[in-house]
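Reading the structure
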Amino acid sequence: MRFRDAGALPHGLVRDKIQRVVVHRCDVEIVGKAATTSAAPTEAGNGDAVPPIYRAPLPAPQPRARKEIIAPGEPTPRRINHGLILAIARAKRWMQGLCDGRYQHTAEIARRFKLNDAHVRRLLRFGYLAPDIVEAIVEGRQPRALTVRRLLKGIPCAWADQRRSFSFAR
């Protein structure tokens, strides 16, 4: 049973060919109507035709966005971003390794950690974040928009510019 253009199908054709449609968690099952013109016994052995069954997979469900209700006057809940903290810690450690001679250059870091050299250089900029911004990140007080992805796009050099760019009030 092949349909070329679903818009051109008469409603009766679908009613005549499909017995039922069952929606499961992972797929959709379409059970066609059995052909009744066969006179010879079929696989079932009792003369009844076996209806064709077609399965189509469903896409995996997407997780819902987390919603929070923040009441005025109450402290903002902390959101510790472990990935962001880890990225800052790596940047600080790699920077220290470059200073004390453990690493000769960023390509060596990239090779050792199986990363792209340009990515290592972008991550190293995390080591230049203002101390109060790093403190806020570790405590989970950073603005919601401050993520690893956002920092990889660029970090201003001056700490005052960082505070302005990343919405930190001073």
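Computed from a predicted model, the values in this text were never measured in an experiment. (Residues numbered from 1 in each chain as written. Predicted model: local features only at pLDDT ≥ 70, side-chain atom pairs only at ≥ 80, totals over all residues. Heavy atoms only, no water.)

Details of the overall build of the chain
Scanning the chain from N- to C-terminus turns up 7 helices and 3 strands. The N-to-C order of helical and strand elements in the chain reads α-β-β-β-α-α-α-α-α-α. The burial tally for the chain puts 23% of its 170 residues in the buried class. Within the chain, counting contacts between residues at least 6 apart in sequence, those at least 24 apart form 50% of the total. Accessible surface, the chain as shown: approximately 12800 Å² in total, 55% of it carbon and sulfur. (Helix = DSSP H or I, 4+ residues; strand = E, 2+ residues; numbered from the N terminus. Buried < 20%, exposed > 50% of the residue type's maximum accessible area, 1.4 Å probe, protein only. Contact = heavy atoms within 4.5 Å. Areas by Shrake-Rupley, 256 points an atom, 1.4 Å probe, with all protein chains shown as cover.)

Examining the nonpolar core
Residues Phe-126, Leu-129, Ile-133, Leu-146, Leu-151 and Phe-166 are the most contacted members of the largest nonpolar core, which totals 24 residues. Elements represented by at least two residues in this core include exactly helix H2 (82-100), helix H3 (106-113), helix H4 (117-124) and helix H5 (131-139). If one sorts the elements of this core by residue count, H2 sits on top with 6 residues. Setting aside its immediate chain neighbours within four residues, Leu-129 contacts Ile-88, Val-134, Ile-137, Leu-151, Ile-155, Trp-159, Gln-162 and Phe-166. (Core = buried A, V, L, I, M, F, W, Y, C linked by side-chain atoms within 4.5 Å.)

Some words on a nonpolar patch on the surface
Residues Val-21, Val-23 and Leu-58 make up a contiguous nonpolar surface patch of about 260 Å² in total accessible area. The residue Val-23 is located in strand E1 (residues 18-23) in this model. Its relative accessible area of 61% is what places Val-23 among the exposed residues. (Patch = residues over 30% accessible without salt bridge, like charges linked within 9 Å, V, L, I, M, F, W, Y side chains within 5 Å. Salt bridge = Lys/Arg side-chain N within 4 Å of Asp/Glu carboxyl O.)

Focus on the confidence of the model for the chain
For the chain, per-residue confidence averages 84 on the pLDDT scale, and residues scoring 70 or more make up 85% of the total. Looking at the elements of the chain, mean pLDDT is at its lowest for helix H1 (residues 11-17), recorded as 79, and at its highest for H2, recorded as 96. (pLDDT = per-residue confidence, 0-100.)

As for H4
When H4 is considered as a whole, its buried residues turn out to be Val-120, Leu-123 and Leu-124. Burial along H4 is one-sided: seen end-on, the buried residues are contained in an arc of 100 degrees. On the buried face of H4, the contacting elements are H2, H3 and helix H6 (148-152). A side-chain oxygen of the first residue of H4 lies 2.8 Å from the backbone nitrogen of Ala-118; this N-cap is Asn-116. (Arc of directions from axis to C-beta. Polar contact = N/O pair within 3.5 Å; in protein donor to acceptor, adjacent residues only side chain to side chain.)

Digging into the pattern of salt bridges
Taken as a whole, this structure holds 9 salt bridges when the rule is applied. A salt bridge links Arg-112 to Glu-108, with the nearest nitrogen and oxygen atoms 3.5 Å apart. Within this pair, Arg-112 and its partner Glu-108 are both found in helix H3, separated by 4 residues, close to a single helical turn. On the basis of relative accessibility, which here comes to 16%, the residue Glu-108 falls in the buried class. Put simply, Arg-121 and Asp-117 hold a salt bridge, and the shortest N to O gap is 3.1 Å. One end of the pair, Arg-121, and the other, Asp-117, are both in helix H4, 4 residues apart, so they sit about a helical turn from each other. Assessed through its relative accessible area of 42%, Arg-121 is described here as partly exposed.

Let's talk about the environment of Arg-55
Here Arg-55 is to be found in strand E3 (residues 53-57). For the pair Arg-55 and Val-31, spaced 24 residues apart in sequence, the C-alpha to C-alpha distance is 8.8 Å. Ignoring any residue separated from it by four or fewer positions in sequence, one finds Arg-55 in contact with His-24, Asp-27, Val-28 and Glu-29. A distance of 3.1 Å separates polar atoms of two side chains, one belonging to Arg-55 and the other to Asp-27. At 2.7 Å, the side chain of Arg-55 forms a polar contact with the side chain of Glu-29.

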